[in-house]
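# Structure at a glance
Here's the letter readout for the chains.
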Amino acid sequence: MILLENGYKTSVFCLTNDKYKISYLEFIIKKIAERRFNLGGIQFSEVTKLYKKKEVLHNITFDIDLDDNKIIGLIGPNGAGKSTILRLLAGVIGYQQGTLSLDNNQSAIKFDQWARRHATYLPAGERGMIYKATVLDNIYYLSSLNGTPKKNTVEHLKKYSDLFGFDSYLDKNVEELSTGLKKKAQLLCALCSDSKLLLLDEPSNGLDIKAQLELKKLITEINEKEKKKIIISSHDTNLMSSLCNEVIFIHDGHIKKIINNTISPEEIELEYQSIEG
């Protein structure tokens, strides 16, 4: 018997015809495969982040389950710390106190090393892309940074570019695109990698109604069919209500409330008002 796991070098040889031994080996192999493909979780434990002398996150503690298939929404006023949390999850900034760690069979790996390989951060606005380069060059370059094979990038690109109707813009320089098209190009860059964790900061900004509907459909498909964990920061209550089934309310660098189910735009607004006092 030989087991070949996609992406792993694992071989198990069975040199017996004993059906009981074979069944036991199959059971062990199944457990090995389950453990390897279980992403586990991310743990924030009393994490504090400062920019110069200003404390922007204050001893925050919460967990993110990477296997539960929930889309998490971060909600709070400007300056609350939402984007800082996304950047920490992407491994692009550090923190001053506490721990940020993985809770799985790869726990010996430092979190920032794991994040740079398995997380993609899509910043708010039109940042994060090389304006003098084409959209296609940006996609290949940014996907290569986290080790995505070019073949995989090409497959992702065809799927998502078709869905967004973006084929005719791939060879244009980013600086030539409108605000809405730049946002779509950013999203394509994020989706064309093999990342397991997608971090979207205000993804619906600059998109018209049709594009917003496409965005919702695409995010749902990625989450459900491709088993990617998605965390969204947005002020768009309709977007958050329609997509998120876990909502984290943040204010002044503190986690104020976590709701583990879908809530309506009206409920989001009421909770938002209550955390602001």
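As a reminder, the structure under discussion sits directly above these lines.
Since this is a predicted model, take the numbers as computed values, not measurements.

So, on to the pairing of strand β3 (residues 71-75). Of all five residues in β3, five are buried, a share of seventy percent or more. Pairing between β3 and strand β7 (residues 229-233): four bridges, direction parallel. The partner of Leu 74 across the bridge, within β7, is Ser 233. Across four bridges, the pairing between β3 and strand β8 (residues 246-251) is parallel. Bridge assignment links Ile 75 to a residue of β8, and that residue is Phe 249.

Let us now look at the sheet that holds β8. The mixed open sheet is built from six strands, whose spatial order is β5-β6-β7-β3-β8-β9. The outermost strands of the open sheet, each flanked by one partner alone, are β5 (119-122) and β9 (254-259). Within this sheet the neighbouring strands show an average axis-to-axis angle of 15°, counted without direction. Lying on the sheet, helix α3 (residues 111-118) is in contact with β5 and β6 (197-201); it crosses β5 at an angle near 70°.

Moving on, we come to the state of the cysteines. All chains considered together, the criterion is met by zero disulfides. Cysteine Cys 189 shares no disulfide, and the gap to the nearest cysteine sulfur, in Cys 192, comes to 7.1 Å.

So, on to the nonpolar core. Of all hydrophobic cores here, the largest spans 41 residues; its most connected members are Phe 166 and Ile 232. Contacts of Phe 166, omitting those with residues within four sequence positions, involve Val 135, Ser 161, Leu 177, Leu 181, Lys 184, Ala 185 and Leu 188. Within the second largest apolar cluster, 28 residues are counted, among which are Ile 42, Ile 60, Leu 86 and Leu 100.

Reading guide: rules and limits
- Residues numbered from 1 in each chain as written.
- Predicted model: local features only at pLDDT ≥ 70, side-chain atom pairs only at ≥ 80, totals over all residues.
- Heavy atoms only, no water.
- Buried < 20%, exposed > 50% of the residue type's maximum accessible area, 1.4 Å probe, protein only.
- Helix = DSSP H or I, 4+ residues; strand = E, 2+ residues; numbered from the N terminus.
- Pairing = 2+ DSSP bridges.
- Axes fitted to C-alpha atoms, helices over the stretch in contact; angles between N-to-C directions.
- Contact = heavy atoms within 4.5 Å.
- Disulfide = S-S within 2.5 Å.
- Core = buried A, V, L, I, M, F, W, Y, C linked by side-chain atoms within 4.5 Å.

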